[in-house]
Amino acid sequence: MSATPKEQFNENIKNLVALYEAKDAECNDLSAGLAQTQSSLLESQRKNEDLANKNKDLAQKLADLTAAYRTLQAERDELSTKNEALAIENASLQEKVAKLEADTLGLKERMAYRETLIRQAKDKYESLKPWVGIEIPTHSLSGLKILDVRPKSPAGAAGILTNDVVEMMNGEQVAKLSDFKGIFSKLRPGDKLTLRLGRGKAGSFECSLDVATRRLPLDEVIVLKRIAGGNLQLPDDEAFLSRILGDMKSPRRSLSMTEFFDDKEAY
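This write-up is about the structure you can find in this document. (Residues numbered from 1 in each chain as written. Predicted model: local features only at pLDDT ≥ 70, side-chain atom pairs only at ≥ 80, totals over all residues. Heavy atoms only, no water.)

What to know about the overall build of the protein chain
Applicable threshold: Numbering goes from the N terminus for both helices and strands, where a helix is a DSSP run of H or I of at least four residues and a strand is a run of E of at least two. C-alpha atoms define the radius of gyration in this analysis, and the globule rule sets the expected value at 2.2 Å times the number of residues to the power 0.38. Burial classes: relative accessible area under 20% of the type maximum marks a residue as buried, over 50% as exposed, and values in between as partly exposed (1.4 Å probe, protein chains only). Any two residues whose heavy atoms approach within 4.5 Å are treated as being in contact. Computed with the Shrake-Rupley method and a 1.4 Å probe, the accessible areas treat only the protein chains shown as cover for residues.
Each helix and strand counted, the protein chain has six helices and eight strands in total. The linear arrangement of helices and strands in the protein chain, starting from the amino end, is α-β-β-β-α-β-β-α-β-β-α-α-α-β. Its C-alpha atoms give the protein chain a radius of gyration of 63 Å, more than 25% over the compact-globule value 18 Å for 267 residues. Projected onto the principal axes, the alpha-carbon positions of the protein chain cover approximately 205 × 35 × 25 Å. Looking at the 267 residues of the protein chain, the share that counts as buried comes to 22%. Long-range contacts, defined as pairs at least 24 residues apart, comprise 57% of the intrachain contacts of the protein chain with a sequence gap of at least 6. For the protein chain, the exposed area adds up to about 19,000 Å²; of that, 56% sits on carbon and sulfur atoms.

Thoughts on the packing of helix α1 (residues 5-127) against helix α4 (residues 218-228)
Applicable threshold: Between the N-to-C directions of two axes lies an angle of 0 to 180 degrees, each axis being a line fitted to C-alpha atoms and, for a helix, fitted only over the stretch in contact. Relative orientations are named as follows: roughly parallel for angles under 35 degrees, roughly antiparallel for angles over 145 degrees, roughly perpendicular for angles from 65 to 115 degrees, and oblique for any other angle. In this scheme the crossing of two helices becomes right-handed for a clockwise turn of the near helix relative to the far one and left-handed for an anticlockwise turn of less than a right angle. Each residue gets one label: Ala, Val, Leu, Ile, Met, Phe, Trp, Tyr, Cys and Pro are nonpolar, Asp, Glu, Lys and Arg are charged, and the others, such as Gly, are polar.
Where α1 meets α4, the closest approach of the two axes is 8 Å, and the angle between their N-to-C directions is 130°. Overall, the two elements α1 and α4 adopt an arrangement that is oblique. Relative to α4, α1 is oriented so that their crossing is left-handed. Residue-level inspection shows Ile118, Ala121, Lys122, Lys124 and Tyr125 of α1 in contact with α4, the latter providing Val221, Leu224, Lys225, Ile227 and Ala228. Residue classes in the contact of α1 with α4 are distributed as seven nonpolar, no polar and three charged.

Observations regarding the nonpolar core
How we decide: Note on terminology: a nonpolar core comprises buried Ala, Val, Leu, Ile, Met, Phe, Trp, Tyr and Cys residues joined through side-chain atoms within 4.5 Å.
If you look at the biggest cluster of nonpolar residues, it comprises 23 residues, and the most contacted ones within it are Ile160, Val166, Met169, Phe180 and Leu195. The element that contributes the greatest number of residues to this core is helix α3 (residues 177-184), accounting for four residues. Apart from the residues lying within four places of it in its own chain, the contact partners of valine 166 are Leu144, Ile146, Val174, Phe180, Leu195, Arg196 and Leu197. Counting residues in hydrophobic clusters, the runner-up holds 15 residues, among them Leu117, Ile118, Tyr125 and Phe240.

This is the structure we're talking about:
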C-alpha cells in the first residue's frame, strides 16, 4: 500500500533533516579541521619567524666572525712584518756584538801591550842612576867642595864651578858627605835639584838644574820618565822605546884604574 502524501512529506522532511544533520556534522568537522589548520599555520608562521630571527642572528655572528678573522689576519700580517724587522735588527745587533767583542779583544791586547811598554819603561827608568856632572871628595867630614864639573853636564849648564861648596840641597842643610848622599839617593833622572852654593868672597847663591843620567840625554830622560809614569802616547813613543830599550842593553862604561883609586866620587 502506497504512502499517503502526508506520509511522503514527513518522510522527505525526515530525510532532509538527516541530510542537514549530516552536512552540519560535516561542516563542523570542516570547521574543526580549518581551525586546526589555521592553528598549524600560525605555529608554522611563529616557527618561521623564530628561524628567520635565528638566521638573522647567525648572519650577524657570521659577519662579526668574518670581521674578527680579517682583523686577526691583519694583525698576523703586521706581526709577521714586525718579526721580519726584528729578525733583521737582531742580525744587525749580533753583528755589532761580534764586532764589539772583537774590538774588546783587540782593546785588551792593546792595553796589555801598553802596560808592557809602560812596565818596561818604568823598569828602565828606575835602573837609571841620577847624575848632575860634579865630583866631590869621598872623605869629607865638614863642607863639600866641588872638585870638578864635567863639561856639557847639568851642573856646567847651571854655572857651577870647581871649588864651589855645597851648602844646601832642595832646602836641606848639607854639612857632610852622608848628608849629600842621603838627599842625592832620593833623586831620579828628570827631577829638579836646587842647590845653594858658597863661592868664596862672592858669597852664597842658589841655582837650579835638571837631574840627568850618563846613559841618556836629558830630553830623552824626561820622555822616559813621562812614559814610566803611565803617560804613554802611541804610536810616537813606540819607536822611541824600541830604540831606547835596545840602546840601554849595552853595558855601562867601567871606571878606569885612575878613577877607581881616585879620592873623589862622581854625581
